[in-house]
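Here is what each chain is made of, one letter per residue.
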Amino acid sequence: MKSDIAALRELIGPHDPAAAVHGDPSVRRATLSTVFAASPGPDGTPPSQLTAVLATRNGPRSPVLARRMLISGLATAAAATVVAVLSSLDRAAPAHAATPAPLAYAGAGGRPVREALLEIAERAARLPDDTGAGRYLYTRTRGWHLGSAVNGRSVRSAVVPVVTERWTAPDAPGRVRTVTSSPEFPSEESLAAWAAEGRPGLRPQVSDETLDLRPRWNPDDLAPDPEALGAALGWGGPPEAGEAELLMTIADLYREQPVRPAVRGAALRLLSGLTGLRYEGTVTDRAGRAGVAVSLDSDHGGLPNRHTLIFDGRTGVLLGEERTLTVTAGELDVPVPSVISYTLFMDAGRSNSPTPR
Amino acid sequence: MTGGIPPDPAATGGEQCDHFIAMYSRYYDEVLRYAWRRVGPDYAAEVVSETFTVAWRRAGELPEHELPWLYTVARNIIANRRRAEERQEHLLTALAETVRTEPDHADAVTRRQAAVEALQSLSPDDRELVRLVAWDGLDARGAAAVLGCSAAAVHVRLHRLRKRLSRTLGSSIRTEARP
């Protein structure tokens with residue numbers, strides 16, 4: 001005789017509203033990332049040991065690179081990403097490195113980049129100064145680059161972004177605080193490889209350093225006139241490194257300090273003069289913000305790559321910076337195209353003390 | 001729910017993490033469907049996320065039979081939400097949506113409607129028990145674990161529910177199917 005459960009399954013089973021429901025793989029991976037982010041881990045386990053990630057770990061670097069590393073929160077800055085990755089990756093490590101999904105740009109429609117940037121520049125220049133007052137220049141960014149280190153080790157299996165807060169003052173020591181975000185898994189292979197790699201970044205790694213770090217640029221020296229701004233930034237036309245250097249310099253400026261609306265406008269005007277720059281259209285960035293993107297192809301950094309800057313169309317503020325390999329991955333074990341670094345500019349302003357806003 | 005993974009003071013967070021990920025992969029869809037059946041598609045993903053967040057926090061004390069335990073966690077989360085939001089059970093909406101998305105097949109719709117009404121006529125506890133065994137794939141012991149009662153009590157209730165639903169659905173379907 002049929003069991004009660006079998007009989008009930010026969011009666012009710014076919015009417016299951018969720019019989020055909022399966023979780024979307026990307027949602028499933030994103031949920032896992034959320035779960036890890038929501039809790040440090042099993043109750044009762046000791047808190048993770050806070051570990052400083054030191055800039056000097058990988059040996060000597062050029063002064064500019066060292067500077068950029070400090071400014072970008074002890075992670076390798078965009079300028080040197082490709083080169084640095086080549087020198088820091090463990091080439092014996094198996095499997096493709098995990099990289100974040102590319103952003104979706106829309107509506108470029110052949111619009112001249114100059115026209116798009118000048119429109120934003122004009123809008124920005126009319127805004128009142130919103131950078132605030134205080135001795136310290138404060139910024140908060142969220143970034144990732146291929147080969148990012150967690151606890152001193154390069155992590156390739158998952159995308160582990162780092163939130164960096166920086167305080168710099170012309171007459172006082174600076175502070176750089178970094179916290180690793182929860183790992184993100186762009187594929188099932190990434191998740192499996194991450195577990196095999198020892199789950200780097202499962203618990204937040206915090207680094208908090210007081211550094212003898214002064215602002216690279218004095219905000220008072222930054223003029224609202226494009227030519228004067230260019231001179232203050234050290235940009236007198238394409239240097240040997242090419243036009244990409246200006247994109248990097250502007251990103252470095254935003255990494256370091258809040259930028260007044262008038263100076264934002266001037267920076268956009270400077271950019272609009274680049275011959276290789278392209279309008280990419282509108283985009284929703286990795287923080288869910290609407291922006292306008294421009295990009296430049298170059299081989300700055302070692303391999304052909306696309307450097308993209310994303311601006312807030314209403315305020316002219318730089319929202320994000322992305323680097324994408326476009327032609328070849330060289331010795332990097334990633335498909336082409338692949339995003340190899342990004343920075344989200346989340347917050348900036350002045351403050352009277354080097355403490356979180 | 002007896003047994004369970006004995007807490008090992010020397011166990012690393014890594015082992016617990018591997019175990020948790022394996023469990024997550026194995027039961028994600030099951031928990032998603034469990035939630036979907038009770039809160040509908042709009043909130044199911046949130047319930048899943050909260051359920052596994054609790055499971056991750058308690059990864060060191062997961063029981064041997066994990067699925068009924070996960071269902072219990074999800075059940076509590078849903079109950080808390082309902083209390084907080086004073087929302088009605090979403091079962092009927094979820095069923096109605098499924099009916100709408102199916103091809104317009106009169107007989108199937110009739111049967112589905114009959115099943116909805118039959119489930120609706122049950123007490124909340126009985127309804128949950130029927131769903132646990134008919135849709136969520138649990139046996140009497142698993143259902144007892146979720147409902148917090150003995151397996152013997154579940155057997156008695158299942159027998160009663162079988163008779164009742166056979167009577168209701170059998171007659172309903174026969175009546176509707178007649179030309």
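Residues numbered from 1 in each chain as written. Chains lettered and ligands numbered in written order. Predicted model: local features only at pLDDT ≥ 70, side-chain atom pairs only at ≥ 80, totals over all residues.

As named in an unreviewed UniProt entry, chain B is DNA-directed RNA polymerase sigma-70 factor, taken from Planobispora longispora. According to UniProt, the comment filed for chain B under the heading Sequence similarities (unreviewed entry) is "Belongs to the sigma-70 factor family. ECF subfamily." (UniProt positions renumbered as here; feature names shortened; annotations may be inferred.)

For chain A, an unreviewed UniProt entry supplies the name CU044_5270 family protein and the organism Planobispora longispora.

**Student:** Could you give an account of the overall build of chain A, naming the residues involved and the relevant values?
**Tutor:** Each helix and strand counted, chain A has nine helices and twelve strands in total. Across the 357 residues in chain A, those meeting the buried criterion constitute 47%. Pairs at least 24 apart in sequence give 70% of the contacts found in chain A among residues at least 6 apart. (Helix = DSSP H or I, 4+ residues; strand = E, 2+ residues; numbered from the N terminus. Buried ≥ 20, exposed ≤ 12 C-beta atoms within 10 Å, placed from the backbone. Contact = placed C-beta atoms within 7 Å.)

**Student:** Residue-level account of the sheet that holds strand β11 (residues 318–325) of chain A, with values.
**Tutor:** What links the strands of a sheet is backbone hydrogen bonding, and the strands pair in either a parallel or an antiparallel sense. All names here are of chain A. One open sheet accounts for ten strands, arranged β1-β8-β9-β10-β11-β12-β2-β5-β6-β7; its pairing is antiparallel. Both edges of this open sheet fall to β1 (105–106) and β7 (206–211), since each of them pairs with a single strand only. Across the sheet, helix α5 (residues 113–125) lies against β8 (278–284), β9 (290–298) and β10 (305–311), angled at about 135 degrees from β9, the strand it touches most. Across the sheet, helix α8 (residues 244–256) lies against β2 (136–145), β5 (162–169), β9, β10, β11 and β12 (338–351), angled at about 45 degrees from β10, the strand it touches most. (Pairing = 2+ DSSP bridges. Axes fitted to C-alpha atoms, helices over the stretch in contact; angles between N-to-C directions.)

**Student:** Provide a residue-level description of helix α2 (residues 25–38) of chain A, including the pertinent values.
**Tutor:** Residues and elements named next belong to chain A. Look at α2: 20 Å from first C-alpha to last across 14 residues, which is about the 20 Å you get at 1.5 Å a residue. Taken residue by residue, α2 has R28, R29, T31, L32, V35 and F36 as its buried positions. End-on, the buried residues of α2 take up no more than an arc of 155 degrees, which puts them together on one face. (Expected span 1.5 Å × (residues − 1). Arc of directions from axis to C-beta.)

**Student:** So what's going on with the interface of chain B and chain A? Which residues, and what values?
**Tutor:** Facing 41 residues of chain B, the contacting portion of chain A comprises 33 residues. Put simply, the parts of the chain that give the side of chain B that touches chain A at least two residues each are α1 (13–39), α2 (41–57), α4 (91–101), α5 (106–120), α6 (124–134) and α8 (151–177) of chain B. By residue number, the principal contributor to the side of chain B that touches chain A is α1(B), which donates 13 residues. For the side of chain B that touches chain A, a count of residues per class yields 23 nonpolar, nine polar and nine charged. (Nonpolar A, V, L, I, M, F, W, Y, C, P; charged D, E, K, R; others polar.)

**Student:** Which residues make up α5(A), and what are the values?
**Tutor:** Residue and element names in this part refer to chain A. Its 13 residues place the ends of α5 18 Å apart at the C-alpha level, agreeing with the 18 Å of an ideal helix rising 1.5 Å per residue. Turning to α5, its buried residues are V113, A116, L117, I120, A121 and A124. Buried residues of α5 fall within an arc of 130 degrees about the axis and therefore sit on the same side. The elements touched by buried residues of α5 are α9 (261–272), β8, β9 and β10.

**Student:** Can you explain the pairing of β9(A)? Please cite residues and give values.
**Tutor:** Residues and elements named next belong to chain A. Sheet topology note: the β8/β9 ladder contains six bridges and is antiparallel. Paired with T284 across the strands is A290, a residue of β9. Where β8 folds back on β9, the antiparallel hairpin that results is connected by five residues, among which G288 adopts a positive phi of roughly 80 degrees. Where β9 meets β10, seven bridges bridge the pair, whose relative direction is antiparallel. Among the inter-strand pairings, D297 is bridged to a residue of β10, identified as R306. Where β9 folds back onto β10 in an antiparallel hairpin, the turn is made up of six residues, including G301, whose phi is positive at roughly 105 degrees.

**Student:** How would you sum up the packing of α5(A) against α9(A)? Please name residues and give values.
**Tutor:** The geometry of a pair of packed helices is captured by two quantities: the angle between their axes and the separation between those axes. Residue and element names in this part refer to chain A. For the pair α5 and α9, interaxial distance at closest approach is 8 Å and the crossing angle is 170 degrees. For the element pair α5 / α9, the angle class is roughly antiparallel. Crossing of α5 over α9 shows left-handed handedness. In contact with V113, R114, L117, L118, I120, A121, A124 and A125 of α5, α9 contributes P261, A262, R264, G265, L268, R269, L271 and S272. When grouped by side-chain class, the residues that make up the contact of α5 with α9 number eleven nonpolar, two polar and three charged. (Parallel < 35°, antiparallel > 145°, perpendicular 65-115°, else oblique. Left-handed = near helix turned anticlockwise from the far one by under 90°.)

**Student:** Got a sec to walk through the nonpolar core? Specific residues and values, please.
**Tutor:** L8(A), I250(A), A35(B), A74(B), V133(B) and A143(B) are the most contacted members of the largest nonpolar core, which totals 126 residues. Among the elements that line this core, the one with the most residues is α1(B), at eleven residues. Each of two domains, domain 1 (13–85) and domain 2 (103–177) of chain B, supplies a minimum of three residues to this core. Those residues within four positions of A143(B) in sequence are excluded, and the remaining contacts are L129(B), L132(B), V133(B), L138(B) and V154(B). (Core = buried A, V, L, I, M, F, W, Y, C linked by C-beta atoms within 7 Å. Domains from an automatic or database assignment.)

**Student:** Got a sec to walk through the environment of N218(A)? Specific residues and values, please.
**Tutor:** All names here are of chain A. Within the secondary structure, N218 is located in the loop between β7 and α7 (226–233). Residue classification places N218 among the exposed residues on the basis of 12 C-beta atoms within 10 Å. It is 9.3 Å that separates the C-alpha atoms of N218 and A169, two residues lying 49 residues apart in sequence.

**Student:** Pulling in residues and values, what's your account of unusual backbone geometry?
**Tutor:** All names here are of chain A. Residue P337 is bonded to the preceding V336 through a cis peptide linkage, with omega at 0 degrees. Note on placement: P337 falls in the loop between β11 and β12. A positive phi is found at R199, a non-glycine position, where the angle reads about 55 degrees. With 21 C-beta atoms packed within 10 Å, R199 lands in the buried category.

**Student:** Can you explain the confidence of the model for chain A? Please cite residues and give values.
**Tutor:** Any segment with low pLDDT has predicted coordinates that should not be analysed in fine detail. Residues of chain A with pLDDT of at least 70 account for 84%, and the chain-wide mean is 82. Here residues 44–94 of chain A is a poorly scored stretch, pLDDT under 50, and it has 98 contacts once near neighbours within four places are set aside; other chains count. (pLDDT = per-residue confidence, 0-100.)

**Student:** Could you give an account of the packing of helix α1 (residues 4–12) of chain A against α6(B), with specific residues and numbers?
**Tutor:** In the contact formed by α1(A) and α6(B), the axes pass within 9 Å of each other and the chain directions differ by 95 degrees. With respect to α6(B), the element α1(A) is oriented roughly perpendicular. Contact residues: α1(A) offers I5(A), L8(A), R9(A) and I12(A), while α6(B) offers V130(B), V133(B) and A134(B). Residue composition of the contact of α1(A) with α6(B), grouped by class: six nonpolar, no polar and one charged.

**Student:** Outline the confidence of the model for chain B, supporting the account with residue identities and numerical values.
**Tutor:** Residue and element names in this part refer to chain B. Averaged over chain B, the pLDDT score is 79; the fraction of residues at 70 or greater is 74%. Per-residue pLDDT stays below 50 along residues 173–179; that stretch engages in five contacts with residues further than four places along the chain or on separate chains. ipTM for the predicted complex: 0.80, alongside a pTM of 0.66.

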